[in-house]
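# Structural description and commentary
In case you want the letters, here they are:
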Amino acid sequence: MTENSTTQCLLFPNIFPKPVVAQFDQRHGSSDGGAILLKAADRQIQLTQALAACLKDERQPGKVDHAVEELLAQRIFGMACGYADANDAARLAADPVHKMLLGRDPVEGQDLASQPTLCRFENAPDRKQLYRIGEALADRVIARHRRRLHGRAKLLTIDLDATDDPTHGAQQLTFFNRHYDTWCYLPLLGFLSFNDEKEQYLCAAVLRPGNAPARRGAIGILWRILQRVWAAFPKARVRVRLDGGFADPFLLNFLDAMGVEYVVAMASNAVLNRLAELQMEQARQLSEASRKTEHVYGEACYRAGSWSAERRVIFKAEVVWQENKPSKDNPRFVITNLKQSPQGIYERVYCERGEIENRIKELHYGLEIDRTSCTSFLANQFRVMMTAAAYVLLQEIRLRAARTACARAQVWTLRERLLKLGASVVVSVRRVMIHLPVSFPFLSSFRQIALSFGASSG
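Residues numbered from 1 in each chain as written. Predicted model: local features only at pLDDT ≥ 70, side-chain atom pairs only at ≥ 80, totals over all residues. Heavy atoms only, no water.

## Side note on the environment of R241
- Secondary-structure assignment places R241 in strand 10 (residues 237-242).
- When near neighbours in sequence (up to four residues on either side) are disregarded, R241 contacts T157, I158, D159, L160, S193, Q200, V263, V349, E352 and R353. (Helix = DSSP H or I, 4+ residues; strand = E, 2+ residues; numbered from the N terminus. Contact = heavy atoms within 4.5 Å.)

Right under this line is the structure:
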């Protein structure tokens, strides 16, 4: 055996009745056979094409082997398959399925771009190109759901939230954040949901310095989204939900000027605590009698010193009961212009924004949106946007999986069930055959999703 062949061969001599040899010699095989669903989803949304149109290729044409759209698609599809780093490009360069995703012949086609090429690609876009990519991402997501809902929606809800992105090197604009107790970036993410649907669709992702206040960039992102949803759904009501970090007078004035509905959490202060004292006393008495956590709802008109007008504030006067410990007051306050009852607003409107935490968890643990290890801040912003695009494709697959075992699966589960399929690729004169396992537990889910993307049976 040569040195190279020994690295591709493993021997298990004492585990099974006969010695077992694992030989990595399947040259036309792939571990991502189900990734063709990503290509089908991208074809429906036209996402990579729209994002690539925002990029300017300044390379010498005669020396270009990989077009900008191919490089972008290679990174986005790779991220969706779990390859967050460009370092994996060396092993995946000849993968037949990944070559197919870029429109190349899976056997005879040119290999994919190398890690150095992808690294140069990630560092190429400037601020204007990245801004246009952000606009294109929002355009494609909103256009997709406009077609899905036939332009008819009663209520559109916009949720914004920031998350921490810990850094471990000398990246530009990484700063120490006291709240998260680490050096980090603070990406701001925007999600859009329709009517009473539970799913929140990612439509904006902006990387920010680690010391940015929660509200930085929020007005710009909201304005970008509002322009597009009003154009796509002119008759729909628009609602904005934000947590306490966004309770800024300029942002509240902006929401009032736009004429949208809003619910914005607010930190407690002496005046608000005094306004809620009657309900807090009632909650204390109820908790002492029942020996359980109790809460009472109320409302008040309130104007902070920096506000331009008086606003409605609802509050949940809550007392948390703890066994063998003193009970604890836990008042919560929300600024709103809605007219419903305080309990209805808090429980059926504001609390539902907590679902955004699951979407952010998917981005962190399913797609590693915090893999911002480039030195350049703009390169890291580009990575965040490509990760967001990969997430949009996976959300499209989950949307097509309605009423299947994958309907509510997290993105890492979707990847394990639908994309990570051992496949053997055979090319003939007339067609390309992808041979997938017969013993595939989620065949029915895969089949339904494929049919919804336009595949034919038989």
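## Observations concerning the sheet that holds strand 6 (residues 175-177)
- The sheet built from 3 strands is open, its strands ordered 5-7-6 with antiparallel pairing. Every interior strand has two partners, whereas the edge strands, strand 5 (165-166) and strand 6, have only one.
- The sheet contact formed by strand 5 and strand 7 (residues 182-185) spans 2 bridges and is antiparallel. Among the inter-strand pairings, P166 is bridged to a residue of strand 7, identified as C184. (Pairing = 2+ DSSP bridges.)

## Structural notes on the sheet that holds strand 16 (residues 423-427)
- On the basis of which strands lie adjacent, the open sheet formed by 3 strands has the order 3-16-17 and antiparallel pairing. Strand pairing shows two members of the sheet lacking a second neighbour, strand 3 (29-30) and strand 17 (432-435), which therefore form its edges.
- With 2 bridges joining them, strand 3 and strand 16 adopt antiparallel strand pairing. Bridged to G29 within strand 16 is S424.

## Brief notes about the packing of helix 8 (residues 127-148) against helix 15 (residues 377-400)
- Running from N to C, helix 8 and helix 15 point in directions that differ by 10 degrees, and their axes come no closer than 10 Å. With respect to helix 15, the element helix 8 is oriented roughly parallel. Touching R127, L130, I133, G134, L137, V141, R144, H145 and R148 of helix 8 are L378, Q381, F382, M385, A388, A389, V392, E396, L399 and R400, all from helix 15.
- Among the residues making up the contact of helix 8 with helix 15, the classes are represented as 11 nonpolar, 3 polar and 5 charged. (Axes fitted to C-alpha atoms, helices over the stretch in contact; angles between N-to-C directions. Parallel < 35°, antiparallel > 145°, perpendicular 65-115°, else oblique. Nonpolar A, V, L, I, M, F, W, Y, C, P; charged D, E, K, R; others polar.)

## Section: unusual backbone geometry
- Positive phi values are uncommon outside glycine, yet L173 reaches one of about 65 degrees.
- Its identity as a non-glycine residue notwithstanding, R403 has a phi of 65 degrees, on the positive side.
- On the secondary structure map, R403 appears in the loop between helix 15 and helix 16 (411-419).

## Here we look at the packing of helix 8 against helix 9 (residues 218-232)
- Direction vectors running N to C along helix 8 and helix 9 enclose 30 degrees, while the axes themselves pass 10 Å from each other. With respect to helix 9, the element helix 8 is oriented roughly parallel. In this structure, the crossing between helix 8 and helix 9 has a hand that is right-handed. On helix 9, the residues that touch Y131, G134, E135, A138, D139, I142 and R146 of helix 8 are R224, I225, R228, V229 and A232. (Left-handed = near helix turned anticlockwise from the far one by under 90°.)

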